[in-house]
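So the chains spell out like this:
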Amino acid sequence: MNPVTEAALRASFVNCTKGETQRLAVPKDLATRPWDDLDFFGWRDPSAPERAYLIAESPTGLVGVALRVAAQTGQARRSMCSFCLTTHTADGVSLMTARKAGKEGRQGNSVGAYICTDLACSLYLRGKKDAGRRIDESITLEQKIERTTSSLGAFLHKVAG
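Draft legend 1. Geometry of the overall build of the chain. Of the regular secondary structure elements, the chain holds five helices and seven strands. Helices (α) and strands (β) of the chain occur, in sequence order from the N terminus, as α-α-β-β-β-β-β-β-α-β-α-α. Rg of the C-alpha trace for the chain: 15 Å, near the compact-globule value of 15 Å for 161 residues, within the 12% margin. Referenced to the eigenvectors of the C-alpha coordinate spread, the extents of the chain come out at roughly 45 × 35 × 30 Å. In the chain, buried positions account for 43% of the 161 residues. If you take every contact in the chain between residues at least 6 apart in sequence, the share linking residues at least 24 apart comes to 56%. For the chain, the exposed area adds up to about 8,900 Å²; of that, 51% sits on carbon and sulfur atoms. Side chains of the chain carry 22 positive and 17 negative charges; the gap between the two charge centres is 7 Å.

And the structure:
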């Protein structure tokens, strides 16, 4: 992923009002992020743990979505991210929902997916972050990245409409 400025990041959101995008908490360390290793950029709001944000590159430019993180159930079990297929124990995967863009979103419709709680799917794929036990796969890293970006693209398409 190419490095992103705060202005470009704020302008990318498809399921927020302009006021909401101006109020959202943007990480201060954008310049130091490992952009070359990211297929998308995601972060949690440190002041509001139920909020998360995700931006990705698309053929038409950046697409950003605001997410709501569901409360954890407290059960210790193994879960799998629907984007990168990384398995985590306990609370490493969360149900995140995004209000749909436009009229459908104003009517209360949303889309959800089980995603790595820290939104570090790209780093798990590349082995730069460890989630514990990994599933052995016979496909290449490039194929894993393609699968992840395809799943992410399908999710973003459902949100953007």
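The discussion continues.
Draft legend 2. Layout of the state of the cysteines. Enumeration according to the criterion identifies zero disulfides in this entry. You can see Cys81 has no disulfide; the closest cysteine sulfur is in Cys121, sitting 3.6 Å from it. Look at Cys121 and you get buried, because its relative accessible area is 0%.

Draft legend 3. Geometry of the sheet that holds strand 3 (residues 61–69). With antiparallel pairing, the five strands of this open sheet are ordered in space as 1-2-3-6-7. Looking at the sheet topology across the chains shown, the edges are occupied by strand 1 (41–44) and strand 7 (110–116). Adjacent strand axes in the sheet meet at a mean angle of 30°, parallel and antiparallel pairs treated alike.

About the cut-offs
Residues numbered from 1 in each chain as written. Predicted model: local features only at pLDDT ≥ 70, side-chain atom pairs only at ≥ 80, totals over all residues. Heavy atoms only, no water. Helix = DSSP H or I, 4+ residues; strand = E, 2+ residues; numbered from the N terminus. Rg over C-alpha atoms; globule rule 2.2 N^0.38 Å. Buried < 20%, exposed > 50% of the residue type's maximum accessible area, 1.4 Å probe, protein only. Contact = heavy atoms within 4.5 Å. Areas by Shrake-Rupley, 256 points an atom, 1.4 Å probe, with all protein chains shown as cover. Lys, Arg positive; Asp, Glu negative; His and termini not counted. Charge placed at Lys NZ, Arg CZ, Asp CG, Glu CD. Disulfide = S-S within 2.5 Å. Pairing = 2+ DSSP bridges. Axes fitted to C-alpha atoms, helices over the stretch in contact; angles between N-to-C directions.

Don't take any of this as a statement about function, it's just geometry.
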